[in-house]
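Results of the structural survey
Okay, here's what each chain looks like letter by letter:
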Amino acid sequence: MQTVNLLIGGRLLPSSTGATFDRLDPFNGAIASRAAAATIEDADMAVAAAQTAFPAWSALAATERRKRLLRAADVLESMADEFIEIGVAETGGTPGWYGFNIALAASILREAASITTQITGEVIPSDVPGSVAMAVRRPCGVVLGIAPWNAPVILGIRAIAMPLACGNTVVLKGSEFCPGVHSLIGVALQNADLGDGVVNVILNAPADAPAIVERLIGNPAVRRVNFTGSTPVGRIIAQTAAKHLKPVLLELGGKAPLLVLEDADLDAAAAAANFGSFMNQGQICMSTDRIIVDEAVADVFVQKLVARAAPLVAGDPRRKGIALGTLISRDAATRIGELVQDATAKGAHLVLGGSIDGSVMQPAVLDRVTSAMTIYSEESFGPVVAVLRASDEGDAIRLANDSRFGLSASVFTRNSSRGLRVAEQIQSGICHVNGPTVHDEPNMPFGGVKDSGYGRFGGRAAIAEFTDLRWISVQTGPRKYPF
């Protein structure tokens, strides 16, 4: 068991009341971590520490912020073993998954470092004689980042890296499912000497989450909010932010479709679908939830997919040779099992897997899924993929868009021009032609449409999310007035 503290103003602290909460290992039920349960007062202290640190951090030369963020990436990588140990225990992910988390999170920090010198403005022509008008971007102040548990190092770093690059200070509100991982992010960045109070980490007991989040968003010093998580919780975050007139970036749920057209390379499509459906037990916002395959090649494709997925075994993530770990909880396994049962009761064919033992679920493939089944529209967020059969290209596009979600998608065809034409008709923030739905790079604009949220993380696109655009003019000569 690891003891986990808050990070406030450069110090690791217990809760002001001494309260704690336990996170249990989803595989064996042992206590993985005992974390400080923040109070309202602790939340206020974290924001105050960030506000105090803001003038010095925002005034740093861009190259100095870049140097510190690059150092943070190095420190993060040096702590990989610590992240892997606590991450496996708290969430049931495999060591390989956490190794990938560290690598991509370090890349996100390095990309953010590169952005520090790309925050530019422009001179705008003015109709006023002698007026020089400029649009300039400036840091906002304190940014609140709320990160989830499913890719906790990647998404915890993503919540704060670009805000820091833009000159803001941050409060990271960690997940109750992985308090140790998110606290360790704070430790890593503190060890990189960013400065006391530049990064603060707040953790809370599950029952306290609504009050803590409301308090953080409502604090006048918090000027921006970003949230990655489920759509129902995202709605609450958006409503709370709107009440306080705070801009918010939301990256929410997904129901990613992978379209397999009749001219696709079926082996390549099956490989991408297998990876996209089952990586991290399907607990990724971009996970392939729906495979929409042309009826003409559906039987052959399903055979190829099953052949690839059959060797995958879920189990104790600490065991060598285990490709997939556990789900985040037994409750998650029960919920996903009910989706499978509903589908098979209504005519779907379970052609692979689906057995459940506690929080462990074996990869499942459901064929001939229809709109009558709950899994057709509800995000599964687990190791189950639904195969829908389309009559032609137009029907495949219709099925892909018949969802309230719109985060990621992909299209497989041997004709790249056709693939691009189809991609342009799919309602999603991200679409890959002949690539998996699960794909991210730090310099790409990442975000969704519809119920998958709004705003963009990643690269230059994120500059607008975490800066204020100001109009500044200088009158260089006399100006005439009407009176």
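Residues numbered from 1 in each chain as written. Predicted model: local features only at pLDDT ≥ 70, side-chain atom pairs only at ≥ 80, totals over all residues. Heavy atoms only, no water.

Our next topic: helix 9 (residues 266-278). Compared with an ideal rise of 1.5 Å per residue, which puts 13 residues at 18 Å, helix 9 spans 18 Å between its outermost C-alpha atoms and is within 8% of the ideal. Among the structural elements, strand 13 (256-260), strand 14 (288-294), helix 10 (298-309), strand 18 (364-367), strand 19 (384-390) and strand 20 (410-412) are those in contact with the buried residues of helix 9. The backbone nitrogen of D267 lies 3.2 Å from a side-chain oxygen of the residue at the head of helix 9, namely D265. Once helix 9 ends, the next one or two residues include N280, with phi positive near 55°. (Helix = DSSP H or I, 4+ residues; strand = E, 2+ residues; numbered from the N terminus. Expected span 1.5 Å × (residues − 1). Contact = heavy atoms within 4.5 Å. Polar contact = N/O pair within 3.5 Å; in protein donor to acceptor, adjacent residues only side chain to side chain.)

We now examine the packing of aromatic side chains. One pass over the structure, following the stated rule, counts three aromatic pairs. Among the aromatic side chains, those forming a connected cluster through ring pairs are W149, F177 and F381. (Phe/Tyr/Trp six-rings, centres within 6.5 Å; stacked < 30°, edge-to-face > 60°.)

Turning to the layout of surface pockets, a few remarks are in order. If you add up the space inside the largest pocket, you get close to 1100 Å³. Every residue lining the largest pocket is counted, 43 residues in all, and those nearest its centre are W149, F177, G229, S230 and V233. Breaking the lining of the largest pocket down by element, the ones donating at least two residues are strand 4 (20-24), helix 7 (209-218), strand 11 (222-228), helix 8 (231-243) and helix 11 (330-345). In terms of residue count, helix 8 provides more of the lining of the largest pocket than any other element does, six residues in total. (1 Å grid on protein atoms, 1.4 Å probe; cavity = no way out; pocket = protein on both sides within 12 Å on 5 of 7 lines; lining within 4 Å. Points joined across faces, edges and corners; volume = space filled by probe spheres on them.)

It is worth spelling out helix 3 (residues 80-91) at this point. Its 12 residues place the ends of helix 3 16 Å apart at the C-alpha level, agreeing with the 16 Å of an ideal helix rising 1.5 Å per residue. Of the positions making up helix 3, those classed as buried are A80, F83, I86, G87, V88, A89, E90 and T91. (Buried < 20%, exposed > 50% of the residue type's maximum accessible area, 1.4 Å probe, protein only.)

Let us now look at the pattern of salt bridges. Inspection of every chain in the model, using the stated rule, returns 26 salt bridges. Here E64 makes a salt bridge to R68, at a shortest N to O gap of 2.8 Å. Residue E64 and its partner R68 are located together in helix 2 (residues 62-78), separated by four residues, close to a single helical turn. Among the ionic contacts, a cluster of salt bridges with common partners joins E262, D263, E393, R418 and R421. (Salt bridge = Lys/Arg side-chain N within 4 Å of Asp/Glu carboxyl O.)

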